[in-house]
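Coordinate analysis (summary)
The chain contents come next:
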Amino acid sequence: MTIDKSWTTIRRRGSSNEFWNGLQHFLQMAKPFVNDRGFIKCPCRRCLNNASHQLEELESHIFRNGFMFGYNQWIHHGEPATGNAGTTVAGPSGGIHERDEMFDVLDDIISEDVDDDAVGGPSSNDQYDDLFAALRSELYPGVSSFSSLNFLVKLMHLKVLNKWTNKSFDELLKLLKLAFPKIDLVESHYEAKKLMTKIGLGYSSIHVCKNDCALFWKENLLKDTCPVCSESRWKLQSGKRSGKNVPHKVLRYFPVGPRLKRLFATSKTAKLMRWHSTGKSKDNDVIRHPVDGKSWQEFDKRHPQFAGDVRNVRLGLAADGFNPFGNMSLSYSMWPVVLTTYNLPPWICMKAEYLMLSLLIPGPQSPGKDMDVFLRPLIDELKELWVHGLDTRDAASENSVFRMRAVLLWTVNDFPARTCPTCNEDTPSIRVIGKTAYFGHRRFLPTNHHWRSNLQFDGRTKRKHPPRRFSTTDILEQLRRVKTSIPGKHPSYGGVKRKRGDDELNWRKKSIFYELPYWATIELKHNLDVMHIEKNVCDSLVGTLLADPHKSKDTDNARRDLAKLGIRHELHLFEDGNKLMKPAADYTFSDANRRKFCRFIRSVKFPDGFASNLSKNVAQNDSRLLGLKSHDCHVIMQRLLPVGCRSLVNKNIWSTIVELCTFFKQLCASTVNVSDMVEAQNQLVLILCKLERIFPPAFFDIMIHLVLHLPEEAILGGPVHMRWMYPFERYLKRLKDYVRNAAKPEGSIAEGFVVDEALTFCSRYFDDVETRFNRPDRNDDGIHPTRQLSVFESQCKPLGKQSYVELDNNDRDKAEFYILNNSPELEPYLNEHKQELHVRLGEGCLNINEVHRTEFAGWFFEKIYALHRMQAPEVTTKLLSLSSKTNMVVSSYPACIVNGVRFVTHDRDVRLRTQNSGVSVPGTGQEMFYGQLQQILEFSYLNGFSCDSKHMVTENNIASIDINGEAYKDDQFILASQAKQVFYVADSSRGPNWRVVQHVKHRSIWDITDDVELSDEEDESVEEYADEETDAENEIDTEEDDNDRSYHASDSD
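Throughout what follows, the structure given in this document is the object of discussion. The model shown is predicted, which means the values in this text are computed figures rather than measured ones. (Residues numbered from 1 in each chain as written. Predicted model: local features only at pLDDT ≥ 70, side-chain atom pairs only at ≥ 80, totals over all residues. Heavy atoms only, no water.)

**Regarding helix α15 (residues 472-480)**
One turn of the α-helix equals 3.6 residues, which is why residues spaced by three or four share an orientation. Residues of α15 that are buried: Ile475, Gln478 and Leu479. The arc that holds every buried residue of α15, seen down its axis, measures 95°, which confines them to one face. Turned more than 90 degrees off the buried face of α15, the exposed positions are Thr473 and Arg480. (Buried < 20%, exposed > 50% of the residue type's maximum accessible area, 1.4 Å probe, protein only. Helix = DSSP H or I, 4+ residues; strand = E, 2+ residues; numbered from the N terminus. Arc of directions from axis to C-beta.)

**Describing the pairing of strand β27 (residues 928-932)**
Here β27 lies mainly inside the structure; five of its five residues are buried. Neither face of β27 is open: one carries Met928, Tyr930 and Gln932, the other Phe929 and Gly931, and all of them are buried. Where strand β26 (residues 918-922) meets β27, five bridges bridge the pair, whose relative direction is antiparallel. Paired with Val919 across the two strands is Gly931, which belongs to β27. (Pairing = 2+ DSSP bridges.)

**What to know about empty space enclosed by the protein**
Evaluated as defined, the whole model comprises seven cavities of 30 Å³ or more. Its boundaries defined by the atoms lining it, the largest cavity holds a volume of some 320 Å³. Together, 20 residues line the largest cavity, and Glu353, Leu355, Glu757, Thr760 and Arg764 are the ones closest to its centre. Broken down by secondary-structure element, the contributors of at least two residues to the lining of the largest cavity are α8 (257-265), α24 (726-737) and α25 (745-763). Classifying every residue of the lining of the largest cavity gives ten nonpolar, three polar and seven charged. In terms of lining residues, the second largest cavity is bounded by Arg45, Leu48, Phe69, Phe103, Leu106, Asp107, Ile110, Phe132 and Leu135. Among the elements of the structure, α3 (102-111) and α4 (129-136) are those that each provide at least two residues to the lining of the second largest cavity. Here the residues of the lining of the second largest cavity are counted per class, giving seven nonpolar, no polar and two charged. (1 Å grid on protein atoms, 1.4 Å probe; cavity = no way out; pocket = protein on both sides within 12 Å on 5 of 7 lines; lining within 4 Å. Points joined across faces, edges and corners; volume = space filled by probe spheres on them. Nonpolar A, V, L, I, M, F, W, Y, C, P; charged D, E, K, R; others polar.)

**Regarding the sheet that holds strand β14 (residues 406-413)**
With mixed pairing, eight strands are arranged side by side in an open sheet as β4-β3-β7-β11-β10-β9-β14-β17. Strands with a single pairing partner mark the edges of an open sheet, and in this sheet they are β4 (215-216) and β17 (526-528). Pairing between strand β9 (residues 313-319) and strand β10 (residues 335-341): five bridges, direction antiparallel. When the sheet's bridge partners are listed, Leu315 is paired in β10 with Thr341. Packing against the sheet, α8 makes contact with β9, β10, β11 (356-361) and β14, and its axis sits at approximately 135° to β9. (Contact = heavy atoms within 4.5 Å. Axes fitted to C-alpha atoms, helices over the stretch in contact; angles between N-to-C directions.)

Spelled out as structure tokens, the structure:
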């Protein structure tokens, strides 16, 4: 009897009687085959015959999720077996590929489309036919562990991850075909890419006018000429159109909605899309994510319906231009527009795998004022996502369908304007020779502040009040007065320069973002990019201090400005015969100090992965710094400049620079406090006023002034690491790597992105190959099992060649006591021994702590051994091992990894360009101990336990230490879990033996203090480690040892 199975392919199940009738017939056929508990295998797309349910639940599963693909012979549900099992690609019970991850991949892809439950006729799955054919196909006859599709996707993933060329991939396919003639594999990279695009989400190509006047899209789709400048849409040869229509420019648009739906359709990310609700800070003063910022909270108050569903998406937009070619002499500017999803946790929100390319604006010219022309498709989709939303399946809510809406919170980009958007028309400024100086920050001081009447600033008193705050209504009124401009760059139309009216202020046009219904009420629309501001401030400061002829603000015109204002007569230019002389200024280094500062920069060594090698940026004659990147300036401002110029300028100048650098360090922290930012806002006014007394007015460009508004934006938007350009600049490097055809860079990037996007999505499901999601960190120290005694959880991963060291009794006793003294489980025994000593020696004994130190280990061993002979239940084998003596011969290593941080002994460190031997540990009180790692030793206890020890130092409240000083000689050990990495830089102000301590916060290590909900992946990993039973007897714990000297911290000026 032939069974009608056509109903299993119907996608619009909710409106199909055929599907419902077929499902009822299937249930009736399966009813006699339930087990004694009434359960039977479920063939829905989620369970794949892996799980069993009762018939009522089976009906619900199949109707909601659909019938699984490839289960063509219903052997588990009453259909007799015919022996033709080769057509079945079911789950573990009925198919040839029992654990193929691509089943889950395709299942989640198909579940993204919720139209199968909507009203309408049946639809087919033709677009997935090739994928399912490859999934049904064996890679090689008799090989059931790999389907052809699974192998191809993993091979393509390796190509992308390791940056193989297309030609090398083709050659590999040829070799595989030659070695395995019967292998079922595509012939070329081109065929593989075509198959991958079916998993990807694709993009749209939109033609653009050659002058950027308009898009040939929607109402202009069928036009052959530009509706603005009447230029031809097509490239012409000899004044005539060629045989094939080739557009002048093509905009690639990557729709946002399907990509957001995919984040919810897969269980790998669906739960993370709620993190902003479950993981936000519980302390109103602490901001660690944009959800804690005032702007997000005010938006929720204005739009409670949108805020009511935590699954609604918050987006951020960034745009920047880059040259896709390696040859920077070739002028070419391509502009990607990238979106980030702020629903996600802060540690993955800005990673490249979670950024979405939405627009690829073609070169060779930058869009400039015509950016709105290219943003049109994105803005239209954002309006649709706000007003109507999209029906979306949520894998974290049992595949339920909800109406997803999205909002654009803000944009992030380099600051292009020449006046302050916050101060608006009342930006403090004066006109100096050749430019505008943003000078006059005394107006932000209290009205009774004595600096307002001080004539040393600009020769005048300052009575003006601070600029008034402009409301969103005021801004809209200003934009209403802006004249409508013609888009494009045609010399007769949009390319005509017009003079800006006095009432137009700083606005050139009304941004297209104001078409979004909610945009006008958002408090923080455009973020000031801290990355570019910090770099410009650093370039101005360092260039002026070093008197760099290319970057110094202390030019001849700057000195003439002083004469014009009638201030600082000692710095005015003067003539000496036929020469124009410039007096030396306090804010510039002398020649000797310039060389000293450059040598200081050259001598600095950073920890592994902390920063680039800055010695390469020092000129050969030690006179200037060359080619500093944004992150180089970030490190110099926050780490080196306060130390390097300490003894090279007078104390007033140095202290002001330190205050400014300290602010940037505070601002760039991963967690900020509202109270700290309010205080910083007040302090910045004083800092800028101090700078005005030090530097000439020409020093104060717009970037210096914008620093004043950064604390307020931190309160509104949250930590800057989620609102600056660093992650987007790194993302541009990935896009640049996609360029394989220099003649078509935009097309190469678009095609490469779609394939990479598909492979990245598939790689979330792979556990047996290395992917971007499961590859170990460069300093991964492995999985640490749970131990009965916490002291043995202090572990590390030794690196390098193992050697052996014989210790004397004194060193071994010191290490053993430190280990015992730092074991919380031994606190009752420690207190008991002290009480016995008080009884035996008397309360007035002065050296009772020393006796306790020397006698406790022996007393503890006798105590535990006696309890062990009595079979006391509290004495475990681990406790008995801890009470025993260690071996005299210990293992030594040159390096180790502790908690994801690499440590290297000092002897090895001096031969490297990095510095990884600095360590610190907190004391019992508020003091800190610092040291340099001299040895890494592994102490072996009974049953294979081991501990290492460290030699550390103490610190008061300042990071200056004397490397010749030695303190706490008898207490120079710590456990690995106590170690925190630091690095040292020379402190020339105190002498050659002094160093300044710099603490290190590693980018890959996050400290989230509140109890927050973990993702599914995090839950699984935690449960896996917690449930794993490990015998401590077979494990080795390692710590560190520093057997050389301690450093004594001192006070600082």
